[in-house]
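Each chain, written out:
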Amino acid sequence: MITTQEIQQIREQIRTWRTKGETIAFVPTMGNLHLGHITLIKEAVKRADHVVASIFVNPMQFGANEDLDAYPRTLEADKLALSDAGAELLFTPTPEIIYPKGMEQQTYVEVPKIGDQLCGASRPGHFRGVATVVCKLFNIVQPDIALFGRKDFQQLMIIKTMVEDLSLPIEIVGIDTIREASGLAMSSRNGYLSETQKSQAAVLKQTMDQISNAVKQGASLDLAIENGKQALIDSGFTPDYLELRNAKDLSFVTDEQGELVILAAAYMGNTRLIDNLCFTR
Ligand code: PAF
């Protein structure tokens, strides 16, 4: 696997592959890779001739009081895992390469409405940072397809919307969440949890299962959510939000049938975890 910080080297390699008519899949990451990321790479291998990954802990998507400095950086282990999984090219830029004029003077991409709610409301500026860096990475790598985990449900929807709105010729593929045996969704932030917190955190998935079962059996949506919030509090979480929305567009649920999504963000100690569950009523 070729690893480079240079945009020019990425462009040259992509050009070499393109000249031969070969296709490119891209998996952007912030590193500290776990089985969820590796699953994305393996899916990418099945869908294109070449797989490009990036590792960039994007300062623009972290708020002032968030964990940018503490975010785990494990480049050497990540490189091994990526190359074992089949990635051929790894882009590891620095903030100076991505934001040469600094973040204040950087042109940005913002996806309104979908990006303003849920995690967007709790973490102002977060999705602007995500959309901006993903747009830049797409312009550097120019892939045919890009793969993202469904754990970040709102992020995936924002990226799909951005690609559609800006007419980017890239297919966006969402891949199912990979979970621990306990049901806890894999996340780099799980590394912040103690063993006790990890087992308590498994209640997040159990709570979403209970809500979806209750709703399928005809329970009131508000009551199911209220009970869910209480279950999270009882097991040591401080909920940020727990909401039921239409999976298609994140709009509020009315009485119609259709695919719904439970979206959850909750703190276990200082660690903010997110998860979601789609189901049909
Ligand atoms: O999901 C992530 O790891 C990040 O938000 C992403 C998409 C790599 C952008 O920095």
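Rules used throughout
Residues numbered from 1 in each chain as written. Predicted model: local features only at pLDDT ≥ 70, side-chain atom pairs only at ≥ 80, totals over all residues. Heavy atoms only, no water. Buried < 20%, exposed > 50% of the residue type's maximum accessible area, 1.4 Å probe, protein only. Helix = DSSP H or I, 4+ residues; strand = E, 2+ residues; numbered from the N terminus. Pairing = 2+ DSSP bridges. Near = heavy atom within 4 Å. Polar contact = N/O pair within 3.5 Å; in protein donor to acceptor, adjacent residues only side chain to side chain. Areas by Shrake-Rupley, 256 points an atom, 1.4 Å probe, with all protein chains shown as cover. Nonpolar A, V, L, I, M, F, W, Y, C, P; charged D, E, K, R; others polar. Expected span 1.5 Å × (residues − 1). Contact = heavy atoms within 4.5 Å. UniProt positions renumbered as here; feature names shortened; annotations may be inferred. Core = buried A, V, L, I, M, F, W, Y, C linked by side-chain atoms within 4.5 Å. Salt bridge = Lys/Arg side-chain N within 4 Å of Asp/Glu carboxyl O. Axes fitted to C-alpha atoms, helices over the stretch in contact; angles between N-to-C directions. Phe/Tyr/Trp six-rings, centres within 6.5 Å; stacked < 30°, edge-to-face > 60°. Lys NZ or Arg CZ within 6 Å of the ring centre and 35° of its normal.

Some words on the pairing of strand E9 (residues 271-280)
Where burial is concerned, most of E9 is hidden: 8 out of the 10 residues are buried. Remark: 2 residues form the turn of the hairpin made by strand E8 (residues 259-268) and E9, two consecutive strands paired antiparallel; Gly 269 in that turn has positive phi of roughly 60 degrees.

Considering the site of the ligand
Neighbouring the ligand are Pro 28, Thr 29, Met 30, Gln 61, Val 133, Val 134, Phe 148 and Gln 155. Within the side chain of Gln 155, a nitrogen or oxygen atom sits 2.7 Å from an oxygen atom of the ligand. Here the ligand loses 88% of its free accessible area of 290 Å² to cover by the protein chains. Counted by class, the shell around the ligand contains 5 nonpolar, 3 polar and no charged residues.

Describing helix H2 (residues 35-47)
The end-to-end C-alpha distance of H2, which contains 13 residues, comes to 18 Å, matching closely the 18 Å that a straight helix rising 1.5 Å per residue would cover. Listing the buried residues of H2 in full gives Gly 36, His 37, Ile 38, Leu 40, Ile 41, Glu 43 and Ala 44. Buried residues along H2 sit against strand E2 (24-29), strand E3 (50-55), helix H3 (75-85), strand E5 (145-149) and strand E6 (171-175).

Describing helix H6 (residues 126-141)
In a regular helix each residue adds 1.5 Å, so 16 residues correspond to 22 Å; H6 covers 22 Å between its end C-alpha atoms and thus fits that length. Among the 16 residues that make up H6, 13 are buried, leaving the element largely enclosed by the rest of the structure. After H6 finishes, the residue Gln 142 shows a positive phi value of roughly 50 degrees.

Concerning the UniProt feature "binding site: (R)-pantoate" (unreviewed entry) in the protein chain
The UniProt feature table records "binding site: (R)-pantoate" (unreviewed entry) at Gln 61 and Gln 155. A maximum C-alpha distance of 11.5 Å places the annotated residues, which cover 95 residues in sequence, within one compact spot. Mapped onto the secondary structure, Gln 61 falls in the loop between E3 and H3. The exposure class assigned to Gln 61 is buried, which follows from its relative accessible area of 9%. Looking at where Gln 155 falls in the secondary structure, it is placed in helix H7 (residues 153-165). With sequence-adjacent residues up to four places away left out, Gln 155 is seen in contact with Phe 127, Val 130 and Phe 148.

Focus: the nonpolar core
Most often, soluble globular proteins have nonpolar side chains that are buried together. With 46 residues, the main nonpolar core has Phe 138, Met 162 and Ile 172 as its most contacted residues. Secondary-structure elements contributing two or more residues to this core are helix H1 (7-19), E2, strand E4 (89-91), H6, E5, H7 and E8. Per element, the largest residue contribution to this core is 10 residues, and it comes from H6. Not counting residues up to four positions away in its chain, the partners in contact with Met 162 are Val 109, Val 111, Ala 131, Val 134, Cys 135, Phe 138 and Leu 168. Counting 23 residues, the second largest nonpolar core, distinct from the first, contains Leu 193, Ala 224, Leu 244 and Ala 264.

Details of the pattern of salt bridges
Under the criterion given, the structure shown has 16 salt bridges. We note a salt bridge from Asp 249 to Lys 248, for which the minimum N-O separation is 3.6 Å. On the accessibility criterion, Asp 249 (32% relative accessible area) is partly exposed. Put simply, Glu 43, Lys 46 and Arg 47 are held in one network by salt bridges that share partners.

Comments concerning the sheet that holds E2
Here we have 6 strands laid out as an open sheet, ordered E1-E4-E3-E2-E5-E6, and parallel in their pairing. Each having just a single partner strand, strand E1 (2-4) and E6 make up the two edges of the open sheet. On average, each strand axis in the sheet is inclined to that of its neighbour by 25 degrees, with strand direction left out of account. Bridging between E2 and E3 involves 6 bridges; their strand directions are parallel. Counterpart to Thr 29 in the pairing with E3 is Ile 55. Running over the sheet, H3 touches E1, E3 and E4 and is turned about 165 degrees from E3. Helix-sheet contacts for H7 involve E5 and E6, and the interaxial angle to E6 is about 170 degrees.

Focus: the packing of aromatic side chains
Note on aromatic pairs: each is described by the distance of the centres and the angle between the planes. With the rule as written, the count across this model stands at 4 aromatic pairs. Where Phe 62 meets Tyr 71, the ring centres are 5.8 Å apart and the plane angle is 80 degrees; that geometry is what we call edge-to-face. Judged by its relative accessible area of 10%, Phe 62 is buried. Aromatic pair Phe 138 and Phe 148: ring centres 6.3 Å apart, planes at 70 degrees, arrangement edge-to-face. Taken together, the residues span a long stretch of sequence, with Phe 138 in helix H6 and Phe 148 in strand E5 at a distance of 10 residues. Given a relative accessible area of 5%, Phe 148 falls into the buried group. An aromatic cluster of at least three residues, connected via ring pairs, comprises Phe 26, Phe 138 and Phe 148. Sitting above the plane of the Tyr 108 ring, Arg 128 keeps its charged end 3.6 Å from the centroid. Over the aromatic face of Phe 252 sits the side chain of Arg 245, whose NZ or CZ is 4.0 Å from the ring centroid.

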